[in-house]
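Examination of the molecular architecture
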Amino acid sequence: MKTSAAYIDIAANAHGEEKAFLALQALQRVCGSSPHMVEVGPGGGSAVAYLASELASRERRADGVRLTLVEVPGVVSASLQQAMDAFHRVGGTCQLVAGFAQDIATILKDPVDIVTASALLHEVYSYGGGYSGLHAMIRTLPTVLRPGGMFAYRDVYAVKAASLHEPSLQTYTSRSWITFLRMFIPQYLKDGTHPYHSASDLVVFRQDSRIVPAENLDLGTSVVVAAPVGLFREVQRHYITLRDHVWRSGVLGFTPHLEGPLAGDWIDAKHGHKRVHYALTNTDWLPASQKTMLLTLSERYLDHYTVDGDIFDECTDIALDAFLTLAENGDGECGQVWQSWVTREGRETYAYMTLDALLTAVAAHSTEARQEERTVLMPIRSTDILRRERAYYNRYLQRALPNPLKDAKQLVLFSNVPVTDSDALGEGMHCLQQWCSKANLARVYCAINSGG
């Protein structure tokens, strides 16, 4: 489960610099000597730890900075406690509060300067009521931020398209990917929280130019799939998260280092080429030839092995194909690992908004917040919107798929702008103009000027 200590301390405890990047930018821009920052969903504390390390190197350190962490009740994380201790040591104060994101307005007694979160909106969408829960969350944010405060947000990059419902074609040739399509798409469309319900969102599989039901896909024949581009984004992200999950389980016979210094042993970081460090496990269901092949191509390094990342990915897909075959047939260990992944994140909708849609939704719905002084959440500088590409995953996807979608994170620093501040509104609209369609710009303009 996503609330388990193992997941929080390991799988959800990476990319601290990226999670804290916009929070640090916001701290530099807020006024006052004792800024109050809130992080929703701190996980294993990677962002807190990075904040502490960065503030320690500055002249003022974290003196006067108040940090409140809002986490789901019952979540326990040893690494988060360590990060909180580090934040205290550099002069800040740090408090952990149990509660749900949707209740943040009752958790916080007074308006704060900064709210920061990763994946908050897609978590609320998947588990908090779909779009209605998502829009309610957006309407809540301005009420907990002071005017001029900031919302630093990071999530999975969607796609560069007018809409996630835009029709698209994808081709799949790898056995492991075809098996994944056969297993994932039917259960996701049936049980997941997603927006793909209209007739135009219909998913059609073709092999040898004939329409084939998903459950009847032939693993030895290329598949051409017609579906909304957003669904293909879901397929890619879910395959990658499944692969990471299966790696961590050790069921494939090897466990790579996915966190820590050994996870960043780059041959060419710009192009996503790395060395993978891994240890062997006791799994014996895989053909011995597969483990032997991997070891033949690897080198001994201290108490484990290291191998070129491209080779490791190829070996992984072969092993993952065997794993999926057993999981699909309900094999004990493989079936359990598959089901644990489905339960934890196999039903999530990761990327439900393009940047255009995200910026528009946050701006428009934030104007509907119930508060005396109306505000609007919008970026006001061109540097407030960033895309961080995943070079390693993109390298793999380019080899695994004929026409992959780019994998990345999207980061936006929203300012809580009073609608009476014409200068800031002008800067914000100019910023949105670079990312939003004319129709969505008109929607934001009307929302700001509607009078609430």
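Looking only at helices and strands, one finds 16 helices and 17 strands in the chain. Against the 2.2 N^0.38 benchmark of 22 Å for 452 residues, the chain shows a C-alpha radius of gyration of 23 Å, consistent with a compact globule. C-alpha extents for the chain along the principal axes are approximately 65 × 55 × 40 Å. Sorting the 452 residues of the chain into buried and exposed places 55% on the buried side. Nonlocal contacts in the chain, meaning residues at least 24 apart in sequence, comprise 79% of its contacts between residues at least 6 apart. Counting only carbon and sulfur atoms, one obtains 53% of the accessible surface of the chain, whose full area is about 19,400 Å².

A separate point is helix H11 (residues 309-328). Between its first and last C-alpha, H11 extends 27 Å over 20 residues, near the 28 Å set by a 1.5 Å rise per residue. Backbone nitrogen of Asp310 and a side-chain oxygen of the N-cap are separated by 2.8 Å at the start of H11; the cap is Asp308. The first or second residue beyond H11 is Gly330, which carries a positive phi of 80 degrees.

Moving on, we come to the packing of aromatic side chains. Across all of its chains, the model carries 18 aromatic pairs by this definition. Their ring planes at 70 degrees and their centres at 4.8 Å tell us that Tyr125 and Tyr131 sit as a pair that is edge-to-face. Take Tyr131: its relative accessible area is 30%, and that puts it in the partly exposed class. Grouped by ring-pair contacts, the aromatic residues Tyr172, Trp177, Phe180, Phe184, Tyr188, Tyr239, Trp338 and Trp341 constitute a single cluster. Residue placement shows Lys274 over the ring face of Tyr392; its charged tip is 4.6 Å from the ring centre. The side chain of Arg300 reaches across the aromatic face of Tyr305, ending 4.7 Å from its centre.

This paragraph deals with helix H12 (residues 332-346). Considered for burial, the residues of H12 that qualify are Cys334, Gly335, Val337, Trp338, Trp341, Val342, Arg344, Glu345 and Gly346. Among the residues of H12, the N-terminal cap falls to Asp331, whose side-chain oxygen and the backbone nitrogen of Cys334 are separated by 3.4 Å.

It is worth spelling out the pattern of salt bridges at this point. Side-chain pairs of opposite charge can arise whenever the charged atoms involved come near each other. Across all of its chains, the model carries 21 salt bridges by this definition. Its salt-bridge partner being Arg275, residue Asp265 comes within 3.2 Å of it at the nearest N-O pair. You can see Asp265 sitting in the loop between strand E10 (254-256) and strand E11 (266-268) and its partner Arg275 sitting in strand E12 (residues 273-280), a full ten residues away along the chain. Judged by its relative accessible area of 36%, Arg275 falls in the partly exposed class. Residues participating in the shared-partner salt-bridge network are Glu17, Glu18, Arg154, Arg388 and Arg390.

Where helix H15 (residues 422-433) contacts helix H16 (residues 438-448), the two axes come as close as 10 Å, and the packing angle between them is 160 degrees. Relative to H16, H15 is oriented roughly antiparallel. The chirality of how H15 crosses H16 is right-handed. Along the contact surface, H15 presents Leu425, Met429, Leu432 and Gln433, while H16 presents Leu441, Val444, Tyr445 and Ile448. Across the contact of H15 with H16, the residue classes tally to seven nonpolar, one polar and no charged.

Along the chain, Ser366 turns up in helix H13 (residues 355-366). A polar contact is formed between the side chain of Ser366 and the backbone oxygen of Val362, at a distance of 2.8 Å. If sequence neighbours within four positions are ignored, Ser366 has contacts with Ile138, Pro142, Ala361, Thr375, Val376 and Leu377.

This part takes up the environment of Lys19. As for its position among the elements, Lys19 is in helix H2 (residues 16-29). Here the alpha-carbon distance between Lys19 and Asp155, two residues 136 residues apart in the chain, equals 9.4 Å.

Moving on: the sheet that holds strand E6 (residues 167-172). As summarised here, the arrangement of the four strands in space is E6-E9-E7-E8, forming an open sheet in which the pairing is antiparallel. The sheet is open, and its two edges are formed by E6 and strand E8 (210-211), each paired on a single side. Pairing analysis gives six bridges linking E6 to strand E9 (residues 223-228), with the strands arranged antiparallel. The residue of E9 that forms the bridge with Thr171 is Val224.

Looking now at a nonpolar patch on the surface. Taken together, Met293, Leu297 and Ile318 make up a surface patch of nonpolar side chains, about 250 Å² in accessible area. Position of Met293 among the secondary structure elements: in helix H10 (residues 288-296).

Mean pLDDT for the chain: 91, with 96% of residues reaching 70 or above. Here residues 7-13 is a poorly scored stretch, pLDDT under 50, and it has 27 contacts once near neighbours within four places are set aside; other chains count.

The rules behind the values
Residues numbered from 1 in each chain as written. Predicted model: local features only at pLDDT ≥ 70, side-chain atom pairs only at ≥ 80, totals over all residues. Heavy atoms only, no water. Helix = DSSP H or I, 4+ residues; strand = E, 2+ residues; numbered from the N terminus. Rg over C-alpha atoms; globule rule 2.2 N^0.38 Å. Buried < 20%, exposed > 50% of the residue type's maximum accessible area, 1.4 Å probe, protein only. Contact = heavy atoms within 4.5 Å. Areas by Shrake-Rupley, 256 points an atom, 1.4 Å probe, with all protein chains shown as cover. Expected span 1.5 Å × (residues − 1). Polar contact = N/O pair within 3.5 Å; in protein donor to acceptor, adjacent residues only side chain to side chain. Phe/Tyr/Trp six-rings, centres within 6.5 Å; stacked < 30°, edge-to-face > 60°. Lys NZ or Arg CZ within 6 Å of the ring centre and 35° of its normal. Salt bridge = Lys/Arg side-chain N within 4 Å of Asp/Glu carboxyl O. Axes fitted to C-alpha atoms, helices over the stretch in contact; angles between N-to-C directions. Parallel < 35°, antiparallel > 145°, perpendicular 65-115°, else oblique. Left-handed = near helix turned anticlockwise from the far one by under 90°. Nonpolar A, V, L, I, M, F, W, Y, C, P; charged D, E, K, R; others polar. Pairing = 2+ DSSP bridges. Patch = residues over 30% accessible without salt bridge, like charges linked within 9 Å, V, L, I, M, F, W, Y side chains within 5 Å. pLDDT = per-residue confidence, 0-100.

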